[in-house]
Amino acid sequence: MIGTGYVGLVSGVCFADLGNDVICVDKDISKINKLKKSIIPIYEPGLDELVKKNYKSGRLKFSTNLAESVQKSNIIFICVGTPTKKNKYEADLSQVYSVAKEISLNIKSFKIIINKSTVPVMTGDKVEKIISNKVKKKLFSVISNPEFLREGEAIRDFIYPDRIVIGTSEKRSNKILKNLYSPLISKGAKYINTSRRAAELIKYASNAFLATKITFINELANLCEKLKINVEDVSIGIGSDNRIGSRFLRAGPAYGGSCFPKDTRALIDTAKKSKSSLSVINTVINSNNNRSKLLLNRIRKILNNKIKNKKITFLGVTFKANTDDMRESSSLEMIPFLNKKGAKIKYYDPTGIKTEFEKFKNVQFKNNIKDACEMSDLIVIHTEWNEFKLIDLKKIVKKRNFIIFDMRNIYSAEKMKKQKIKYFGIGK
Ligand code: UGA
């Protein structure tokens, strides 16, 4: 596994747990040294135990030596980052190409090279070309095998995937891959063998579709607020139709993370380069980009246009619960805005203090819910961690007339009403 980010590390550890001999390679020496001591660079429930167990058994190894690791392996997964290029929609593929070049210098026997990084359509063709500059075609096969792991649920998603997508037209490689994934196929995962380009597009189309679903329900939530309808009732009503499906229909803040924003942008770039229009996805991106402003407007209304000197608490600041990932989290737009308007902000996140807010004078991290909420005027539930679900806020806040803005709809509006707490949710 080349690259020990979310995809590389989780997949590598899980493949080892299935009984394979795995080497996780990264050029970051300090990361590899930490991994050898079972210090995990990311927050992912259950991952540290699995690393410890498989490292101890010897099935899982960590290395900075790409050349040696490639020579020792039959199957090589490229799992490096493909971030958006600065100020553009296009994915930056420099890491994928430089790894491909390095791999090509170390092939002496037949290797299957798999792209697990999220890459635009035809990247596999380019990787194949780079490798064929140095290696005879019969000595390697380039395959696309996109990953569908969610942060926070990554191990479960690896072990029980809905589907495994293998993009190759080569029978021999397909057979080897089917065999590698057979423990998951026997547990019910659907195995899909398709063309390499289709596999590449399936990854982007999946993320873009899920982002569309979320944006759709977020916009319906806006309408529900005007019509005094509970959007959750609408989600249940439409989600019960199997053609629509109930998952990813929870209205909330703008979607964030390292995938949906980046991948929707990259898909638009692919469409543009092919002189094709993906107007639906363009609309989704724009709607999501406006969502934080819309919710900030709602906060302004809730506070009767008086933000200055208001004590505001954020519970959770990452892009969703069960992760420490701040990438494209809506809190990165909301907290600085409220701070600029003169609010005094305290925040608590189960994954600790965030460097992103260090530069703001009136934004303070508190290391427990009680200190974060005490004497607040407004409490914003920004992510849906379990530990936020059973808080006795009345007891903790110690102030009359405080307000809750529950951006994840984790509380019941009726219960709040009974407790005489001023409560606002999303789409209600
Ligand atoms: C996403 C996909 O779900 C994975 O299948 C994919 O493998 C991954 O991207 C990737 O490409 O690597 P992830 O970014 O970890 O996974 O997060 P999600 O759980 O999908 O959530 C993304 C965003 O949508 C979050 O901001 C979350 O709060 C939001 N969301 C999700 C909603 O607002 N409502 C929902 O109903 C579901």
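All of these numbers come straight from a predicted model, not from anything done at the bench.

**Quick notes on the site of the ligand**
Right, on to step 1. Near the ligand, the surroundings consist of 19 residues, among which Leu-149, Glu-151, Lys-203, Asn-207 and Cys-259 are the closest.
Right, on to step 2. The side chain of Asn-207 places a nitrogen or oxygen atom 2.8 Å from an oxygen atom of the ligand.
Right, on to step 3. Note that an oxygen atom of the ligand is positioned 2.8 Å from one of the side-chain N or O atoms of Arg-408.
Right, on to step 4. Out of a free accessible area of 710 Å², the ligand has 94% covered by protein chains.
Right, on to step 5. Where the shell around the ligand is concerned, the elements lending two or more residues are α10 (196-227) and α12 (260-273).
Right, on to step 6. The element that contributes the greatest number of residues to the shell around the ligand is α10, accounting for 3 residues.

**Description of the packing of aromatic side chains**
For any pair of aromatic rings, geometry is given as the distance between the ring centres together with the angle between the planes.
Right, on to step 1. Across all of its chains, the model carries 10 aromatic pairs by this definition.
Right, on to step 2. Note on Tyr-255 and Phe-260: the rings are 5.9 Å apart at their centroids and 80° apart in plane angle, and the pair reads as edge-to-face. Of the two residues, Tyr-255 and Phe-260, neither departs from the other in class, the shared state being buried.
Right, on to step 3. Put simply, the rings of Phe-15, Phe-77, Phe-158 and Tyr-181 pair up and form one aromatic cluster.
Right, on to step 4. If you follow Arg-172 out to its NZ or CZ, it ends over the ring of Phe-110, 3.8 Å from the centre.
Right, on to step 5. When the ring centre of Tyr-160 is taken as origin, the NZ or CZ atom of Lys-187, which lies over that ring, is 5.2 Å away.

**Points about the sheet that holds strand β8 (residues 311-315)**
Right, on to step 1. Read across the sheet, 6 strands follow the order β10-β9-β8-β11-β12-β13 without closing on themselves; strand pairing throughout is parallel. Whereas interior strands pair on both sides, the edge strands pair on one side only; in this sheet they are β10 (363-365) and β13 (422-424). Taking each pair of neighbouring strands and ignoring which way they run, the sheet shows an average axis angle of 20°.
Right, on to step 2. Where strand β12 (residues 403-406) and β13 come together, 3 bridges link them in parallel fashion. Its bridge partner being in β13, Ile-403 is matched across the sheet by Lys-422.
Right, on to step 3. Where helix α14 (residues 331-340) meets the sheet, its contacts fall on β8, β9 (344-348) and β10, and the angle it forms with β8 comes to roughly 170°.

Calculation rules
- Residues numbered from 1 in each chain as written.
- Predicted model: local features only at pLDDT ≥ 70, side-chain atom pairs only at ≥ 80, totals over all residues.
- Heavy atoms only, no water.
- Near = heavy atom within 4 Å.
- Polar contact = N/O pair within 3.5 Å; in protein donor to acceptor, adjacent residues only side chain to side chain.
- Areas by Shrake-Rupley, 256 points an atom, 1.4 Å probe, with all protein chains shown as cover.
- Helix = DSSP H or I, 4+ residues; strand = E, 2+ residues; numbered from the N terminus.
- Phe/Tyr/Trp six-rings, centres within 6.5 Å; stacked < 30°, edge-to-face > 60°.
- Buried < 20%, exposed > 50% of the residue type's maximum accessible area, 1.4 Å probe, protein only.
- Lys NZ or Arg CZ within 6 Å of the ring centre and 35° of its normal.
- Pairing = 2+ DSSP bridges.
- Axes fitted to C-alpha atoms, helices over the stretch in contact; angles between N-to-C directions.
- Contact = heavy atoms within 4.5 Å.

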